[in-house]
Every structure is written in structure tokens, then in C-alpha cells.
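# Descriptive structure summary
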Amino acid sequence: MDKNGTSEDVKKVVSTLNTSQVPSKDVVGKQFQSIIKGIHPCIVVSFLFVFIPSVKCELKLEFQIAAQNCWVNKGGAFTGEISAEMLVNLGIPWVIIGHSERRALMNESNEIDRMMLI
């Protein structure tokens, strides 16, 4: 049985992250500055949308939270979809787009991904 995404799994991941030692931004920044100028690195983790509010309350501030997907249009209701606008309202500035399974199963394309960026 696939246990991906149970509340118990999420609690374990959050607990592991919260007890881990996170390098300071200065240490991480120095490592990346030699690779990419002007980029300010941070650690971003992603959870299923239904767990984002509780994870946001429980997770250490050293981590930022991303959604796993967003709807291409602003606001409004489209059954089961979350817009980027809604994510911003939740204080979630990151989203992962361009998933291979969404491309394969839902025919999402680069054009759809671009629409999510706007």
C-alpha cells in the first residue's frame, strides 16, 4: 500500500526537518555565490495542498513551503484546482510546475506552464 501523503507521513517529515541542522544563509550563500551571481538560496519543501496550512504552522522558519501545482487562471473556482492567487493569500510564494505525470496524463504543455508564471 502506498503511504505517500498520509498525515502521519507528513508529521514524520516535518519532525525530521525541524530537528535537522540547517546551514546558515551565509554559509549556503557563499557556496552558491561562486556558482550563480545574484541568487539568494533558500530551502523549499513541498507538501500536498491539504497539508500546507498545518505544515506552515509546524515547520521551522528556516524552510519555505511550496505547493505542488497551481491552476493556470486567476482566482475563481475550478473544481479541485488551486490558483496562484490563492497560494499567495496563504503566504505560499513557491509552486512546482511542469510535472512529468501531469504532462503525460493531462497533456499539460510548456504553454500551460508559461501561463502559470504570469
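Residues numbered from 1 in each chain as written. Predicted model: local features only at pLDDT ≥ 70, side-chain atom pairs only at ≥ 80, totals over all residues. Heavy atoms only, no water.

## Remarks on the overall build of the chain
Looking only at helices and strands, one finds six helices and three strands in the chain. Starting at the N terminus, the α and β elements of the chain follow one another as α-α-β-α-β-α-β-α-α. A total of about 8600 Å² of accessible surface is found on the chain, and carbon and sulfur atoms cover 60% of it. (Helix = DSSP H or I, 4+ residues; strand = E, 2+ residues; numbered from the N terminus. Areas by Shrake-Rupley, 256 points an atom, 1.4 Å probe, with all protein chains shown as cover.)

## Observations concerning the pairing of strand E1 (residues 43-46)
Looking down a regular strand, the side chains alternate between one sheet face and the other. Where E1 lies against strand E2 (residues 63-67), four bridges are found, and the strand directions are parallel. From the neighbouring strand, Ser46 faces E2, where its bridge partner is Ala66. (Pairing = 2+ DSSP bridges.)

## Looking at the nonpolar core
Within the largest apolar cluster, 18 residues are counted, with the highest numbers of intra-cluster contacts made by Phe47, Val55 and Leu59. Going through the elements one at a time, helix H1 (7-19), helix H3 (52-58) and E2 are the ones with two or more residues in this core. Here Leu59 is in contact with Val14, Leu17, Asn18, Val45 and Ile65, once residues within four sequence places are set aside. (Core = buried A, V, L, I, M, F, W, Y, C linked by side-chain atoms within 4.5 Å. Buried < 20%, exposed > 50% of the residue type's maximum accessible area, 1.4 Å probe, protein only. Contact = heavy atoms within 4.5 Å.)

## Structural notes on the sheet that holds E2
Spatially, three strands are ordered E1-E2-E3 in an open sheet, and the strand pairing comes out parallel. Among the strands making up the open sheet, the edge pair consists of E1 and strand E3 (94-95). Inspection of the sheet shows E2 paired to E3 by two bridges, in the parallel sense. Paired with Ala66 across the bridge in E3 is Trp94.

## Concerning the pattern of salt bridges
This model, assessed by the stated rule, comprises one salt bridge. Ionic pairing is found between Lys11 and Glu8, a salt bridge with its closest N-O pair at 3.7 Å. On the criterion of helical spacing, the pair formed by Lys11 and Glu8 is a turn pair, its members being three residues apart in helix H1. (Salt bridge = Lys/Arg side-chain N within 4 Å of Asp/Glu carboxyl O.)

## So, the environment of Gln64
One can find Gln64 in strand E2. Looking at Gln64, the relative accessible area reads 28%, which means it is partly exposed. Spatially, the C-alpha atoms of Gln64 and Cys42 are 7.4 Å apart, while their sequence positions differ by 22 residues.

## A short note on a nonpolar patch on the surface
Taken together, the side chains of Leu48, Phe49, Val50 and Leu90 make up a nonpolar region of the molecular surface, amounting to roughly 330 Å² of accessible area. Here Leu90 lies in the loop between helix H4 (84-89) and E3. (Patch = residues over 30% accessible without salt bridge, like charges linked within 9 Å, V, L, I, M, F, W, Y side chains within 5 Å.)

## Some words on the confidence of the model for the chain
Looking at the chain, pLDDT values average 81 and 79% of them are 70 or higher. Summarising per-element confidence for the chain, the mean pLDDT is lowest in helix H2 (residues 25-33) (62) and highest in H3 (94). (pLDDT = per-residue confidence, 0-100.)

## Some remarks on the side chain of Asn69
You can see Asn69 is positioned in the loop between E2 and H4. Ignoring sequence-local partners within four residues, the contact set of Asn69 consists of Glu81, Leu87, Val95, Ile96, His99, Arg102, Glu108 and Met116.

## Remarks on H1
Over its 13 residues, H1 extends 18 Å from the first C-alpha to the last, a length consistent with the 18 Å expected when each residue adds 1.5 Å. What H1 keeps buried is the set Asp9, Val10, Val14 and Leu17. Buried residues in H1, looked at end-on, bunch into an arc of 130 degrees, giving them a common side. Among the exposed residues of H1, those oriented more than 90 degrees off its buried face are Lys11, Lys12, Thr16 and Thr19. The secondary structure elements touched by the buried residues of H1 are E1, H3 and E2. (Expected span 1.5 Å × (residues − 1). Arc of directions from axis to C-beta.)

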